[in-house]
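What the coordinates show
The primary structure of each chain is shown beneath.
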Amino acid sequence: MAQEDVFKKIVAHCKEYGFVFPSSDIYDGLGAVYDYGQNGVELKNNIKQYWWQSMVLLHDNIVGIDSAIFMHPTIWKASGHVDAFNDPLIDNRDSKKRYRADVLIEDQIAKYEEKADKEVAKGRKRFKEAFDEAQFRATNPRVLDYMAKRDALHERFAAALEANDLEELRQIIIDEEIVCPISGTRNWTDVRQFNLMFATEMGSTADGASKIYLRPETAQGIFVNYLNVQKTGRMKLPFGIAQIGKAFRNEIVARQFIFRMREFEQMEMQFFVKPGTELQWFETWKKTRMAWHQALGFGQENYRFHDHEKLAHYANAAADIEFKMPFGFKEVEGVHSRTNFDLSQHAKFSGRKIEYFDPETNESYTPYVIETSIGVDRMFLSVMCHSYEEQTLEGGETRVVLHLPAALAPTKLAVLPLVKKDGLPEKAREIVNDLKFHFNTQYDEKDSIGKRYRRQDAVGTPYCVTVDHDTLTDDCVTLRDRDTMEQQRVRIDSLRALLEDKVSLTSLLRRGAQIG
Ligand code: ATP
C-alpha cells in the first residue's frame, strides 16, 4: 500500500476509535486544530508521563513548573519573537494556495535523496548478494549526479537562509522548477515574511487594553522563572527546569494532521550550565533524548539526527531528532544550545540581575542553556504511525492492530466475560474492581468474544482476559497477548504480578536509562 494511503488510514482510524477528532467537528472543523478523544487523551497523558518522569523523577537536578500561557508582552520583545518569529511564505497564483518557501525547498532536497535511494534499491535487486552499497554509492553515475544536485541545492539554500535573502529563496524555487502540487504550475508570488504569533487583548478597551500574545513556545515561561526556581529550590548548576504546556502558532500551511497544528502541546526542558561546558552538555542531552525515543522499541533505523541549516539567532548548536513518518523523516524534537541569549535579554529588558553565583569559583555569571523541546502531538503521531498495522491472519482473515508500547496504551487490560450470564459478568467485574487500582482496566461484555478481541486490538490494549465457566471453579482465566494472539491459562491472583511490570512506565524508563 502506498505510504500516503497508510497515512489516510491512520487518520481515519484515529477518528473512528476515539483517539483524535477534528476540532469543532459538527461545524466542519477548524483548520489545524484537533481534539483528543477518550483513547487519545489516555495515550497522550501516558506520553507526557513518560517524558515528565524521565526528566523530573530520574534527575535529582531537574524540577518542573507550570507557567501561565499569558505573559507580559515585553517577554516576546526580549526573546526576539515579535521581530523574528517568522516563516517565509509564498503563494501560487493559480491554485491560490500558500506554502512555506523553506519547506518547498526542503522537500526538493529530500526528493534528490529519494531518487538516489531508488537507484541503490535497483542495484541491490540486480546484484543480489554481491551488492556493496558503499561502493555503489561512491561510483554509480546516477547516484553521484543526484547527490551532487542535492549538495549544491543544500548549500545554496543554507546560504539564502543565513542571509535572510527572500528573493534568493524564490529564485531557488524557480530554478529548481518546483511546481505547486495542486495547480501543477510555477506561477509563484514573491516570498514574504509572516509572523506566527497569535495576539489578543487583555483588559477592557476603556481602561487601556494591552496587546498580549498566546505563547508560541513554553520555554520563555521557564526563563522568566529562572531566578524564582533557582532561589527557592536552592538549585546548583547544572540544573534543569521542565514544563509541559500548550503553545500556539499561526502556521501558514497546516497539513499532515496533528504534525503541524495551530494549537499544540510542548514538553520542554531548559538545562542551565556553566559557560564553556554547553557543547559537552549539548552532546549529552542529544544522547539522552535519543535513548528516550529508542527505549520505545520502534527500531533505531527509524530515527536520525538532523543538524540545522541555519542556527536561530540565539543558538550556537542545534540538532533535530527526526522520526520516519509515512511522509518521510520529520522533526519530532529539537535539542538546542541557546547560549545565554534568553537570560541576558530578560535581564536587559526587565532591568533585573539574572545571574548565578558560583560558590566554587566565587564568581557571578549568566548561565548557558541547553534546551530539549519535543511536541506531544508529533510524538503521539509517531507512536500511532509506527504502531498501526493491518494484518492478514492464517485463514485469510484480517485485523487492524495497534502495537502500542504497553506502557503507553490507553487500556492495559480488558476483562471479558465469555457470556453475559451464569455469574460470569459478576466474576469479571470482581477482577476489574481489584486491578483498576493498579492499572487501567476495562470491562467489556458486548458482542462475540472474537469481535471484542478485534476492538481491543484496534485501540492497542496489550492484554485481554476471558472469564469462562471454568473460572468459577478453578479461579483461572485465559490471558491473551495482543501481538502474538497467544493464549495461556493463568490464575486470577497472579494477574497483577504478571502484568504490572510489563504495562507500567518503570521498565520503559529503565530501558531508556540503560541505553543512554
Ligand atoms: P518546524 O520546523 O516543523 O516548524 P520548529 O523547528 O519550528 O518546527 P521548534 O520551535 O523547535 O519547532 O519546536 C519544538 C517542537 O515542538 C518541534 O520539534 C515539534 O515537535 C513541536 N512543534 C512545533 N511546531 C508545531 C506545530 N505547529 N504543531 C505541532 N507540533 C509542533
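What the domain assignment reports for the protein is domain 1 (1–71 + 196–392), domain 2 (86–192) and domain 3 (397–515). Computed over C-alpha atoms, the centres of domain 2 and domain 3 are 48 Å apart.

Right, let's talk about the sheet that holds strand β21 (residues 463–467) for a bit. Whether parallel or antiparallel, the strands of a sheet pair through hydrogen bonds between backbone atoms. Taken in spatial order, the five strands make up an open sheet running β20-β19-β21-β22-β23, and their pairing is mixed. In this open sheet, the two strands that pair with only one neighbour each are β20 (441–443) and β23 (487–491). On average, each strand axis in the sheet is tilted by 30 degrees relative to the strand beside it, whichever way the strands run.

To continue, consider the environment of I321. By secondary structure assignment, the location of I321 is in strand β12 (residues 317–325). Remark: the alpha-carbon pair of I321 and M290, spanning 31 residues in sequence, is separated by 7.2 Å. Setting aside residues no more than four positions away along its own chain, I321 makes contact with R289, M290, H293, Y303, R304, F305, K330, E331, V332 and E333.

Another aspect to go through is the pairing of strand β19 (residues 413–417). Within β19, five of the five residues are buried, leaving the element largely enclosed by the surrounding structure. Burial along β19 is two-sided: the face carrying L413, V415 and P417 and the face carrying A414 and L416 are both buried. For the handedness criterion, the β-α-β arrangement of β19, helix α14 (residues 424–435) and β20 is classed as right-handed. Where β19 lies against β21, five bridges are found, and the strand directions are parallel.

This brings us to the packing of helix α5 (residues 101–127) against helix α7 (residues 141–162). Relative orientation of the contacting elements α5 and α7 amounts to 165 degrees, with a least axis distance of 8 Å. In terms of orientation, α5 lies roughly antiparallel with respect to α7. The hand of the α5/α7 crossing is left-handed. Within the contact between the two elements, α5 uses D102, I105, E106, Q108, I109, Y112, E113, K115, A116, E119 and V120 and α7 uses R142, V143, Y146, M147, K149, R150, L153, H154 and F157. Across the contact of α5 with α7, the residue classes break down as ten nonpolar, two polar and eight charged.

As a further point, take the packing of aromatic side chains. This structure, assessed with the given rule, holds 17 aromatic pairs. A centroid spacing of 6.4 Å and a plane angle of 45 degrees characterise the contact between W51 and W52, whose relative ring orientation is tilted. Linked through ring pairs, F223, Y226, F239 and F272 together constitute an aromatic cluster. Sitting over the face of the ring of W292, R289 holds its NZ or CZ atom 4.3 Å from the ring centroid. Note that R480 overlies the ring of Y453, its terminal NZ or CZ placed 4.3 Å from the centroid.

Turning our eyes to something else, we now look at the site of the ligand. Taken together, 16 residues are adjacent to the ligand, and E251, R260, M261, E331 and V332 come closest. When the ligand is considered free in solution it has 590 Å² of accessible area, and contact with the protein chains removes 86% of it. Among the elements that make up the shell around the ligand, the one with the highest residue count is strand β13 (residues 328–339) (five residues). Residues that form the shell around the ligand fall into these classes: four nonpolar, five polar and seven charged.

Another aspect to go through is the environment of M261. You can see M261 is positioned in the loop between β9 (239–248) and β10 (263–273). A C-alpha to C-alpha distance of 8.4 Å links M261 and N250, two positions eleven residues apart in sequence. When residues no more than four places from it in sequence are discounted, the contact partners of M261 are A32, Y34, Y36, R249, E251 and D377.

Turning our eyes to something else, we now look at the sheet that holds strand β11 (residues 303–307). Read across the sheet, seven strands follow the order β3-β9-β10-β16-β13-β12-β11 without closing on themselves; strand pairing throughout is mixed. Two strands in the sheet have a free side with no partner beyond their single neighbour: β3 (62–64) and β11. Strand-to-strand twist across the sheet, computed as the mean angle between neighbouring axes with direction ignored, equals 25 degrees. In this sheet, β10 lies alongside β9 in antiparallel orientation, the contact comprising ten bridges. When the sheet's bridge partners are listed, G240 is paired in β10 with F271. Contacting β3, β9, β10 and β16 (368–375), helix α2 (residues 38–57) crosses the sheet at an angle of about 160 degrees to β9.

On to unusual backbone geometry. The omega torsion of the bond from L237 to P238 falls at -10 degrees, within 30 degrees of zero and hence cis. Relative to the helices and strands, P238 resides in the loop between α10 (226–232) and β9. Phi is positive for M485, close to 65 degrees, though the residue is something other than glycine. Note that M485 resides in the loop between β22 (476–481) and β23. Under the relative-accessibility criterion, M485 is labelled partly exposed at 26%.

Looking now at the packing of helix α1 (residues 3–16) against helix α13 (residues 376–387). Interaxial distance between α1 and α13 falls to 10 Å at its minimum, and their mutual angle equals 110 degrees. Relative to α13, the element α1 is oriented roughly perpendicular. Crossing hand, α1 versus α13: right-handed. Here F7, I10 and C14 of α1 come into contact with α13, specifically with L381, M384 and C385. Taken together, the residues that form the contact of α1 with α13 break down as six nonpolar, no polar and no charged.

The nonpolar side chains of a soluble globular protein tend to be buried with one another. Counting residues in hydrophobic clusters, the biggest one holds 60 residues, and the most contacted among them are F19, L43, Y50, W51 and F380. Take this core: its biggest share by element is seven residues, from α13. Beyond its immediate sequence surroundings of up to four residues, W51 is in contact with A242, Q243, I244, M267, E268, M269, R289, W292 and I374. Formed by 24 residues, the second largest nonpolar core is a distinct cluster that contains I105, I109, F131 and W188.

Take α13 next. With twelve residues, α13 should cover 16 Å at 1.5 Å per step; its first-to-last C-alpha distance of 16 Å lies within 8% of that length. The buried fraction of α13 amounts to eleven of the twelve residues, a majority that puts the element mostly inside the structure. Where α13 is concerned, the buried positions are V376, D377, R378, M379, F380, L381, S382, V383, M384, C385 and S387.

Looking at the element boundaries, V369 is found in strand β16. It is 8.7 Å that separates the C-alpha atoms of V369 and P275, two residues lying 94 residues apart in sequence. Leaving out residues up to four positions away in the same chain, V369 has contacts with F223, Q270, F271, F272, H336, S337, R338 and T339.

How each quantity is defined
- Residues numbered from 1 in each chain as written.
- Predicted model: local features only at pLDDT ≥ 70, side-chain atom pairs only at ≥ 80, totals over all residues.
- Heavy atoms only, no water.
- Domains from an automatic or database assignment.
- Pairing = 2+ DSSP bridges.
- Helix = DSSP H or I, 4+ residues; strand = E, 2+ residues; numbered from the N terminus.
- Axes fitted to C-alpha atoms, helices over the stretch in contact; angles between N-to-C directions.
- Contact = heavy atoms within 4.5 Å.
- Buried < 20%, exposed > 50% of the residue type's maximum accessible area, 1.4 Å probe, protein only.
- Right-handed = clockwise from strand over helix to strand, strands pointing away.
- Parallel < 35°, antiparallel > 145°, perpendicular 65-115°, else oblique.
- Left-handed = near helix turned anticlockwise from the far one by under 90°.
- Nonpolar A, V, L, I, M, F, W, Y, C, P; charged D, E, K, R; others polar.
- Phe/Tyr/Trp six-rings, centres within 6.5 Å; stacked < 30°, edge-to-face > 60°.
- Lys NZ or Arg CZ within 6 Å of the ring centre and 35° of its normal.
- Near = heavy atom within 4 Å.
- Areas by Shrake-Rupley, 256 points an atom, 1.4 Å probe, with all protein chains shown as cover.
- Core = buried A, V, L, I, M, F, W, Y, C linked by side-chain atoms within 4.5 Å.
- Expected span 1.5 Å × (residues − 1).

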